[in-house]
Amino acid sequence: PQAYGLVEAALIDLQGKIEGRPASRLLGAAQRSKVPMFARSVFYLDSNRCAQEAVAMSEQGFGTYRFRLGLGWLGDAETLRSLREVLPEAIRVVADAQAWWQMGNAAYPEAQSEVWVSRLVEHVPLWLAEPFHPDDFQGCQRMAAVKTVPIASGENESSAERLRALGENSVDVLQVNVMQLGGLISSRPVLQSLAEGGRQFVLTG
């Protein structure tokens, strides 16, 4: 599905260039004239470099900065403190926690996770992204039980049914990767269903 989605996106882009029309017109009537965007770090940065990148992104006009956790519990807390110290109050941050399950217990002892998540509200992130493995249903429930900020998940899902199940299991924001779902056209029924159901979601990937 991901390979198909990437080829589809390229073809839609090419067709738009040929016809001189934006992709939204090729797919139907445009739904809105403006779409909010956020800057996203692709590297695991120490607290100083992360703060510098966040400031640079805010100066370019981004109102939200998403960064990767990955320095252990203490290092991640220090990065959050640094971001809040250097960023204007209006700038929001999203903490990407995929490293927690990618790096495992050696870097992130599970016994400390609940305390860390329960204190996350002190740093005012917009939400905590992908803090549990896509197949870890118990981890999802555990995070939901102790959360003090919204939890976002779903960007690794390639199934519309699993996305809906996440939304029914205390995930506040669904992160929808249209490439994982087979492309823009294939994912439209899923997005329409989420919108009609009043689910909060963001497009990622």
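Keep in mind that what you see is a predicted model, and the values were worked out from it rather than measured.

### Overview of the nonpolar core
Item 1. Counting 42 residues, the largest nonpolar core has Tyr65, Phe67, Leu69, Leu83, Trp100, Trp116 and Leu128 as the members making the most contacts within it.
Item 2. Not counting chain neighbours up to four residues away, the residues in contact with Trp116 comprise Leu69, Trp73, Asp76, Ala77, Leu80 and Trp100.
Item 3. Judged by nonpolar contacts, the second largest core, of six residues, contains Val94, Ala152, Val173 and Val202.

### Digging into unusual backbone geometry
Item 1. Phi angles above zero are rare outside glycine, and Val124 is one such case at about 55°.
Item 2. You can see Val124 is positioned in the loop between α6 (113-118) and β4 (127-129).
Item 3. Accessibility expressed as a relative area gives 53% for Val124, which makes it exposed.
Item 4. Despite not being glycine, Glu130 has its phi angle at roughly 50°, a positive value.
Item 5. Note that Glu130 resides in the loop between β4 and α7 (137-146).
Item 6. Exposure remark for Glu130: the relative accessible area of 1% places this residue in the buried category.

### Some details on the pairing of strand β6 (residues 173-177)
Item 1. For β6, the tally of buried residues reaches five of five residues, placing the bulk of the element in the interior.
Item 2. The alternating pattern of β6 places Val173, Gln175 and Asn177 and Leu174 and Val176 on opposite faces, both of which are buried.
Item 3. Bridge count for strand β5 (residues 151-153) against β6 is two bridges, and the pairing is parallel. The residue of β6 that forms the bridge with Ala152 is Val173.
Item 4. One crossover worth recording links β5 to the parallel β6 by way of helix α8 (residues 160-167), and it is right-handed.
Item 5. Looking at chain direction, β6 and strand β7 (residues 201-204) are connected through four bridges and run parallel. Of the residues in β7, the one forming a bridge with Asn177 is Thr204.

### Some points on the sheet that holds β7
Item 1. Strand order in the open sheet made by the seven strands is β1-β2-β3-β4-β5-β6-β7, with parallel pairing throughout. Of all strands in the sheet, those with a lone pairing partner are β1 (39-40) and β7, marking the two edges.
Item 2. When β1 meets strand β2 (residues 64-68), the two strands line up parallel, connected through two bridges. If you follow Arg40 over to β2, its bridge partner there is Arg66.
Item 3. In this fold helix α9 (residues 184-196) packs onto β6 and β7, with an angle of close to 155° to the strand it touches most, β7.

Cut-offs and rules
- Residues numbered from 1 in each chain as written.
- Predicted model: local features only at pLDDT ≥ 70, side-chain atom pairs only at ≥ 80, totals over all residues.
- Heavy atoms only, no water.
- Core = buried A, V, L, I, M, F, W, Y, C linked by side-chain atoms within 4.5 Å.
- Buried < 20%, exposed > 50% of the residue type's maximum accessible area, 1.4 Å probe, protein only.
- Contact = heavy atoms within 4.5 Å.
- Helix = DSSP H or I, 4+ residues; strand = E, 2+ residues; numbered from the N terminus.
- Pairing = 2+ DSSP bridges.
- Right-handed = clockwise from strand over helix to strand, strands pointing away.
- Axes fitted to C-alpha atoms, helices over the stretch in contact; angles between N-to-C directions.

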